[in-house]
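Single-letter residue listing:
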Amino acid sequence: MSEAASGSVRALRATDAAACHQLDQAALGGLWSLAQWQRELSEPGRIGLGHVEHHGLIALACGWLVVDELHITAVAVAPERRRQGHGRQLLVALMEEGRASGARHATLEVASHNRAAVSLYQDCGFQTAGCRRNYYSDGGDALIQWCRLGSSA
Ligand SMILES: CC(C)(COP(=O)(O)OP(=O)(O)OC[C@H]1O[C@@H](n2cnc3c(N)ncnc32)[C@H](O)[C@@H]1OP(=O)(O)O)[C@@H](O)C(=O)NCCC(=O)NCCS
């Protein structure tokens with residue numbers, strides 16, 4: 001995994017569940033419980049990457065391999081560490097891991113009003129393939145995104 005001046009990107013393990021849960025609470029508003037994070041990081045077919053600095057986890061990106069598709073389930077950067085390239089770095093690394101594990105496409109859902117995330121995914125080659133109306137509890141729409149994973153993601 002790549003080394004950065006202020007930390008490193010590495011595979012997440014079950015022992016990282018508490019740190020992931022904490023970052024999830026701060027960055028995603030509580031996507032999963034601690035038990036769900038423990039499953040996410042230990043079940044087969046899961047890929048989880050984290051950017052870890054000396055004081056802890058500052059960013060994560062996770063996905064599931066479903067045959068030849070990488071289903072991206074979470075991308076999050078600590079609020080105080082955004083706009084420093086960590087989201088892009090981890091997303092690209094996750095796509096590369098997925099491709100190396102046999103995925104030919106990556107897919108995810110993103111809230112249409114989440115400008116930062118929509119922009120990040122577009123930057124990384126995703127295209128909108130559909131829209132699920134009123135998908136979220138706040139009534140927001142979900143954009144379905146797909147990206148072909150080429151020889152280099
Ligand atoms: C979306 C998120 C992961 C981006 O992480 P980040 O580390 O801040 O993003 P990066 O610095 O790597 O930026 C990469 C690109 O994303 C886009 N982007 C990121 N933040 C943006 C913002 N606030 N507004 C517009 N575009 C933004 C830009 O295209 C940017 O490229 P640029 O810096 O060349 O303009 C981060 O904002 C986050 O954790 N948000 C909350 C959780 C979330 O919504 N996750 C996605 C759920 S689907």
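Below or above, wherever it landed, is the structure these notes cover. Treat the numbers as computed from the prediction; the structure is a model and nothing was measured.

### Points about the packing of helix H3 (residues 86–100) against helix H4 (residues 115–123)
(1) Moving on: At a closest axis distance of 10 Å, the pairing of H3 and H4 adopts a crossing angle of 50 degrees. When the axis of H3 is compared with that of H4, the two are oblique. The two elements H3 and H4 meet at a crossing, and its hand is right-handed. From H3, Gly-87, Arg-88 and Leu-91 reach across to H4, where they touch Leu-120, Tyr-121 and Asp-123.

### Focus: the environment of His-21
(1) Moving on: Turning to its location among the elements, His-21 is positioned in helix H1 (residues 17–27).
(2) Moving on: Residue classification places His-21 among the partly exposed residues on the basis of a relative accessible area of 21%.
(3) Moving on: Along the sequence, His-21 and Ala-35 sit 14 residues apart, while their C-alpha atoms lie 9.2 Å from each other.
(4) Moving on: Not counting chain neighbours up to four residues away, the residues in contact with His-21 comprise Trp-32, Ser-33, Leu-34 and Trp-37.

The rules behind the values
Residues numbered from 1 in each chain as written. Predicted model: local features only at pLDDT ≥ 70, side-chain atom pairs only at ≥ 80, totals over all residues. Heavy atoms only, no water. Axes fitted to C-alpha atoms, helices over the stretch in contact; angles between N-to-C directions. Helix = DSSP H or I, 4+ residues; strand = E, 2+ residues; numbered from the N terminus. Parallel < 35°, antiparallel > 145°, perpendicular 65-115°, else oblique. Left-handed = near helix turned anticlockwise from the far one by under 90°. Contact = heavy atoms within 4.5 Å. Buried < 20%, exposed > 50% of the residue type's maximum accessible area, 1.4 Å probe, protein only.

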